[in-house]
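The residues making up each chain are set out below.
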Amino acid sequence: MERRIYLDNAASTPLHPEVIETMMSTAKNIFGNPSSIHREGAMAKNVLEESRKILAEYLNTSASQVFFTSCATESNNTIIRSACESGRYQHIITSPLEHPAVLKSIQYYSSSNSIQVHYLNPDNHGKINLDELTPLLESNGKNTFVSLIHTHNELGTILPIRIVTELCHKHGAMFHSDTVQSIGLIDLNVTELKIDSIVGSAHKFYGPKGVGFMYLKEPAHIQPFIYGGSQERNMRSGTENLVGIAGMIKALELVKTEMAQRIKHIKILNERLRHGLVELNIPHELNSPTEDCLPKILNVYFDKSANTDWLLMNLDIEGIAVSGGSACSSGSEKASHINEYIRPNSLGRSIRFSFSHLNTEEEIDYTLQVLKRLIL
């Protein structure tokens, strides 16, 4: 059997065995529609609301403030579209390094509603300059919607979310954050943070694809993105994906007990790869920052050479799955908008290695040897 090493966990993670068991049990035993009034419907409704309660407890908020969706892309679209069409905001502050689900939503809905968008100027590691953000908030204030990613999906850079939230609220702005890569590895107490909205997708933390959530501090300020049968307390129509939701909540419960152990392990893997690149004299530069960075992600630049032109493909041939950027823009050797920003006109290759507690140190050592053989 072909050896495979999966180092693309920022794109998606494998299902945890206990998540699979929970989903199978739910699919077999809970088949009613949560909106039906008979016993089977009541059983389904109970699973749905118990799941909502567990999610709310994880985020330290009220069950009335969390809503199930199909994914974080839908959640981001719901929040951004509603903000743009509400008439309450004339300005949007964001970054050119946002995930496409945020960046393209802002571009579309702001142009449709004549809203001015200001793009900050992050550094080459994706870090936001708070000295640039502050005067923009001072001048625009209450008419401003701010959307900045918490943990960057390609670079791993962590936004100082508490400081940004305080700055936004000091000047009356709404602050939304894409927290997809943070859920499962960083505690987010939304009540303590006082943030206005965040989103998550189950498949980033060993749950199933096709299910996610959004937290809304003030749900009354958000209008539905999908209209129909008024499920999710009129916030998101469509029969709930009960099997997926049950799987996502089981994954979150496992996060609670395993988070510290998982983080400790991926830190070891991250450091082993970074140090190995140096020890083996493999020419490289780090795109990920050395501080304020989630250890799950390590983005590395390899300069232009005959051996780096098809590095992604050659690594895959060698049994190593990595990424050149966001999975949403995969399927092409073209650099992502992130790589184009941080390394304009570069001819080399940037590779995102993203780790899991399921990876081993031996896998990292093998990856280093393959890199040495392919590049040197």
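Heads up: the structure comes first, above all this text.
Quantities reported herein were computed from a predicted structural model and do not represent experimental measurements.

Draft legend 1. Highlighting unusual backbone geometry. Unlike most non-glycine residues, Ser230 shows phi in positive territory, near 65 degrees. Within the fold, Ser230 resides in the loop between strand 8 (212-216) and helix 8 (242-279). Assessed through its relative accessible area of 37%, Ser230 is described here as partly exposed. Phi is positive for Asn234, which is not a glycine, with a value near 70 degrees.

Draft legend 2. Broad picture of the pairing of strand 3 (residues 91-94). In strand 3, alternate side chains face the same way, and those of His91 and Ile93 on one face and Ile92 and Thr94 on the other are all buried. As judged from the four bridges shared by strand 3 and strand 4 (residues 116-119), these two strands associate in the parallel manner. The residue bridging Ile93 from the neighbouring strand is His118, located in strand 4. On the question of chirality, the crossover connecting strand 3 to the parallel strand 4 by way of helix 4 (residues 100-112) is right-handed. Bridge analysis of strand 3 against strand 5 (residues 144-147) gives three bridges, and the strand direction is parallel. Across the sheet, the residue bridging to His91 is Thr144, located in strand 5.

Draft legend 3. Molecular detail of a nonpolar patch on the surface. A contiguous nonpolar patch, built from Leu15, Ile20 and Met24 and spanning about 270 Å² of accessible area, is present on the exposed surface. Summarising the element assignment, Leu15 is placed in the loop between strand 1 (5-6) and helix 1 (17-29). The class for Leu15 is partly exposed, based on a relative accessible area of 34%.

Draft legend 4. Structural context of the nonpolar core. Of all hydrophobic cores here, the largest spans 75 residues; its most connected members are Leu59, Phe175, Phe302, Phe353 and Phe355. Ranked by the residues each element gives to this core, the list is headed by helix 8, at 14 residues. Ignoring any residue separated from it by four or fewer positions in sequence, one finds Phe355 in contact with Leu7, Asn9, Ile266, Leu269, Asn270, Leu273, Pro295, Lys296, Leu298 and Ile364.

Draft legend 5. Structural view of the packing of helix 3 (residues 72-85) against helix 4. For the pair helix 3 and helix 4, interaxial distance at closest approach is 9 Å and the crossing angle is 25 degrees. Here helix 3 is positioned roughly parallel relative to helix 4, judged by the angle of their axes. Read as a crossing pair, helix 3 and helix 4 show a hand that is right-handed. Within the contact between the two elements, helix 3 uses Thr73, Asn76, Asn77, Ile80, Arg81, Cys84 and Glu85 and helix 4 uses Ala101, Val102, Ser105, Ile106, Tyr109 and Ser110.

Draft legend 6. Representation of the sheet that holds strand 5. Sheet architecture is open: seven strands sit in the order 2-8-7-6-5-3-4, paired in mixed fashion. For this open sheet the edge positions go to strand 2 (66-69) and strand 4, each flanked by a neighbour on one side alone. Pairs of neighbouring strands in the sheet enclose a mean axial angle of 20 degrees, with direction left out of account.

Cut-offs applied
Residues numbered from 1 in each chain as written. Predicted model: local features only at pLDDT ≥ 70, side-chain atom pairs only at ≥ 80, totals over all residues. Heavy atoms only, no water. Helix = DSSP H or I, 4+ residues; strand = E, 2+ residues; numbered from the N terminus. Buried < 20%, exposed > 50% of the residue type's maximum accessible area, 1.4 Å probe, protein only. Pairing = 2+ DSSP bridges. Right-handed = clockwise from strand over helix to strand, strands pointing away. Patch = residues over 30% accessible without salt bridge, like charges linked within 9 Å, V, L, I, M, F, W, Y side chains within 5 Å. Areas by Shrake-Rupley, 256 points an atom, 1.4 Å probe, with all protein chains shown as cover. Salt bridge = Lys/Arg side-chain N within 4 Å of Asp/Glu carboxyl O. Core = buried A, V, L, I, M, F, W, Y, C linked by side-chain atoms within 4.5 Å. Contact = heavy atoms within 4.5 Å. Axes fitted to C-alpha atoms, helices over the stretch in contact; angles between N-to-C directions. Parallel < 35°, antiparallel > 145°, perpendicular 65-115°, else oblique. Left-handed = near helix turned anticlockwise from the far one by under 90°.

That's the geometry; what it means functionally is another story.
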